[in-house]
Amino acid sequence: MVPFSILDLSPITQGSTAGQALANSRRLAQEAEAAGYTRFWLAEHHGMKGIASAATSIVISHVAAGTKTIRVGSGGIMLPNHSPLVIAEQFGTLAALYPGRIDLGLGRAPGTDMRTASALRRNMEASANNFRNDVVELQALLGPADADQTLLAVPGADSNVPIWLLGSSHYSAHLAGMLGLPFAFASHFAPDMLLSALEIYRERFTPSEYLDKPYAMVGIMGVAADTDAEADYLFTSMQQSFVALRRNARGQFPPPVESMDGLWSDQEQIFVDHAMTYAVVGGPETIRTKIARFLDQTAADELIISMPIFDMDARLKSVRLFAAAQQQMQKAA
């Protein structure tokens, strides 16, 4: 059966705090671990009032310290925001603290608005254009150190932290294939190039010391509840959040509403519905049907689910319901 994993942004819900959001991320990871999920990844975003995972490596350590077996990593670190040496040291440290459990997913988007990106990167154009070289440098820093190597990541050298490339377009698909790395596509919010990117990745894949055949993970937004109606209700939090994103009116993650009528324009609804093309929202039977269809369509090796749910108890229940769906699909296979 295809492994299931979780992508989390440490959402700061309306009326809550960053501290509570980070505590919720650890609690969510503990639930995921108990339910048999493979990974728990956290995403780097900056300057967003509703997201607490900006210092991603620190949040990864916080989550890993509260769990025992689940892999914990980044989905992803936006590498152009950082020097490869700094990331090698951070993730080498994480690997030393939590051996065999750390993943390093890398993206090249800013993870924020252009003003904040400029403050992070200093030289934005050069940073973005250097992505391929930065990935290769990072691989070398995390791999075995040569006797005459002068630039060392300590910790980091010889940690061999697994590197993934993340993307929402063809660029990272090409690069992941060329470098022989696992690839994760952000279809949970960017559906347009999913199938073509997967095709490019598989066609261009070159076996490497890291991976002998393509390994593709795909993302979905997911909300599972006892009924379709309840799941639809819970999902209105994410719909509101995406409307706010389109309006550049970012705030804390909102509570659900009975109806989105009057809260979005026709064009905004089209935008959100399109971004959520692959969302899996519903009761147990509905999510099993939608997951099976999506996996058939993509032939994915792994599914990573982002669960944007306001109420923490409902989030934890959604984690359990997706795990139950996976188990039932496995029995039926």
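Residues numbered from 1 in each chain as written. Predicted model: local features only at pLDDT ≥ 70, side-chain atom pairs only at ≥ 80, totals over all residues. Heavy atoms only, no water.

1. Description of the packing of helix 1 (residues 18–35) against helix 12 (residues 312–332)
Packed helices, taken two at a time, are described by their axes: the angle between them and the distance between them.
Phase 1: Between helix 1 and helix 12, the least distance of the axes is 10 Å, while the angle of their chain directions is 20°. Relative to helix 12, the element helix 1 is oriented roughly parallel. When the axes of helix 1 and helix 12 are compared, the crossing they make is right-handed. On the side of helix 1, the interface is formed by Asn24, Arg27, Leu28, Glu31, Ala32 and Ala35, while helix 12 contributes Met312, Arg315, Leu316, Val319, Arg320, Ala323 and Gln327.
Phase 2: Residue composition of the contact of helix 1 with helix 12, grouped by class: seven nonpolar, two polar and four charged. (Axes fitted to C-alpha atoms, helices over the stretch in contact; angles between N-to-C directions. Helix = DSSP H or I, 4+ residues; strand = E, 2+ residues; numbered from the N terminus. Parallel < 35°, antiparallel > 145°, perpendicular 65-115°, else oblique. Left-handed = near helix turned anticlockwise from the far one by under 90°. Contact = heavy atoms within 4.5 Å. Nonpolar A, V, L, I, M, F, W, Y, C, P; charged D, E, K, R; others polar.)

2. Focus on the environment of Gln297
Phase 1: Of note, Gln297 is situated in helix 11 (residues 284–298).
Phase 2: Its relative accessible area of 42% is what places Gln297 among the partly exposed residues.
Phase 3: When the C-alpha atoms of Gln297 and Ser265 are compared, they prove to be 31 Å apart, with 32 residues separating the residues in sequence.
Phase 4: Residue contacts for Gln297: discarding those within four places in its chain leaves Leu195 and Tyr278. (Buried < 20%, exposed > 50% of the residue type's maximum accessible area, 1.4 Å probe, protein only.)

3. Observations concerning the packing of helix 8 (residues 194–204) against helix 11
Phase 1: Here helix 8 crosses helix 11 at 45°, and the two axes come no closer than 10 Å. The pairing of helix 8 with helix 11 is recorded here as oblique in orientation. Contact residues: helix 8 offers Leu194, Leu195, Leu198 and Arg202, while helix 11 offers Phe294, Gln297 and Thr298.

4. Let's talk about the pattern of salt bridges
Oppositely charged side chains may form a pair once their charged atoms are brought near each other.
Phase 1: On inspection of all chains with the given rule, the structure shows eight salt bridges.
Phase 2: Residues Asp226 and Lys317 are paired through a salt bridge, measuring 2.5 Å at the closest nitrogen-oxygen approach. With a gap of 91 residues between them, Asp226 in the loop between strand 7 (216–224) and helix 9 (228–246) and Lys317 in helix 12 connect regions that are remote in the sequence.
Phase 3: Judged by its relative accessible area of 44%, Asp226 falls in the partly exposed class.
Phase 4: Residues Arg247 and Glu268 are paired through a salt bridge, measuring 2.7 Å at the closest nitrogen-oxygen approach. Here Glu268 lies in helix 10 (residues 266–275) and Arg247 lies in the loop between helix 9 and helix 10, a separation of 21 residues in the sequence.
Phase 5: Here the salt bridges share partners, and the residues they tie into one network are Arg39, Arg71, Asp103 and Glu302. (Salt bridge = Lys/Arg side-chain N within 4 Å of Asp/Glu carboxyl O.)

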